[in-house]
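Residue-level listing of the chains:
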Amino acid sequence: MSPSAVIERERATNPARGPVRPGGVQIDIVLAYHQAVVRTGLRMLLEGVSDFTVVGEAADVEGARECVRAHGPDVLVLDLDQPTGSALEAISQLVEESPAMRLVVMSSRRDPAFVRAAIAAGAQGYVPNAATEGELMLTIRRAASATHTLTQALDTSVSEHLSPSSPCDLSPREVEV
């Protein structure tokens, strides 16, 4: 089965793949992932969704910064696990430089401390690399709507570690979502 046939079949059977923004508004996305094959796969996946447009790609944080400046995306999907070290420090800078942009982190790290740190730095969502495509798409959509989102797999482990004194200052409802 061709990739486009798979996307069409998924669109018909998976509500996470259909358009949800009123008036057919597109969500412009920049992908920043250090592994080219993963970045290409993400682009192919997201371009198959009717309300997503991938407007730029980068292999590292500096490339992401340039793409964000050039394209002004709604959402930046940022790989936390960069070969030169964690991109965690760059999150607050990227969000400060582009306050209208929302940032979604992808990472192989599932440690609640990393999730809390990413959210505290300004990320709207955190998606483990093992997440389903539906979870990724839902996280991007919620981030574009300025809603903090954790995938279901992370929600349980992270919400146990969040407290009113945690650095990310999520409301009880945000933790629940």
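For the structure, check the block above.
As the structure is a computational prediction, the values presented were derived from the model and not from experiment.

Engineer: Talk me through helix H3 (residues 61-71); I want residue IDs and the actual numbers.
Structural biologist: Of the residues making up H3, those classed as buried are Val-61, Gly-63, Ala-64, Arg-65, Cys-67 and Val-68. The secondary structure elements touched by the buried residues of H3 are strand S1 (27-32), strand S2 (52-58), strand S3 (75-79), strand S4 (81-82) and helix H4 (88-97). Here H3 starts with a cap whose side-chain oxygen sits 3.4 Å from the backbone nitrogen of Glu-62, and that cap is Asp-60. Following H3 by one or two positions, Gly-72 adopts a phi angle in the positive range, close to 50 degrees.

Engineer: Kindly report on the packing of H3 against H4, identifying the contributing residues and their values.
Structural biologist: Two elements in contact, H3 and H4, have axes separated by 11 Å at closest approach and are oriented at 10 degrees. On the basis of the axis angle, H3 is roughly parallel to H4. Contacts from Val-61, Arg-65 and Arg-69 in H3 reach Ala-90, Gln-93, Leu-94 and Glu-97 in H4. Residue classes in the contact of H3 with H4 are distributed as three nonpolar, one polar and three charged.

Engineer: Account for the sheet that holds S2, with residues named and values stated.
Structural biologist: Strand order in this open sheet of six strands is S2-S1-S3-S6-S7-S8, and the pairing throughout is parallel. Since the sheet does not close on itself, it has two edges, and those belong to S2 and strand S8 (149-150), each with one partner. Across six bridges, S1 lies against S2 in parallel orientation. In the strand pairing of S2, Ala-32 is matched with Ala-58.

Criteria and thresholds
Residues numbered from 1 in each chain as written. Predicted model: local features only at pLDDT ≥ 70, side-chain atom pairs only at ≥ 80, totals over all residues. Heavy atoms only, no water. Buried < 20%, exposed > 50% of the residue type's maximum accessible area, 1.4 Å probe, protein only. Helix = DSSP H or I, 4+ residues; strand = E, 2+ residues; numbered from the N terminus. Contact = heavy atoms within 4.5 Å. Polar contact = N/O pair within 3.5 Å; in protein donor to acceptor, adjacent residues only side chain to side chain. Axes fitted to C-alpha atoms, helices over the stretch in contact; angles between N-to-C directions. Parallel < 35°, antiparallel > 145°, perpendicular 65-115°, else oblique. Nonpolar A, V, L, I, M, F, W, Y, C, P; charged D, E, K, R; others polar. Pairing = 2+ DSSP bridges.

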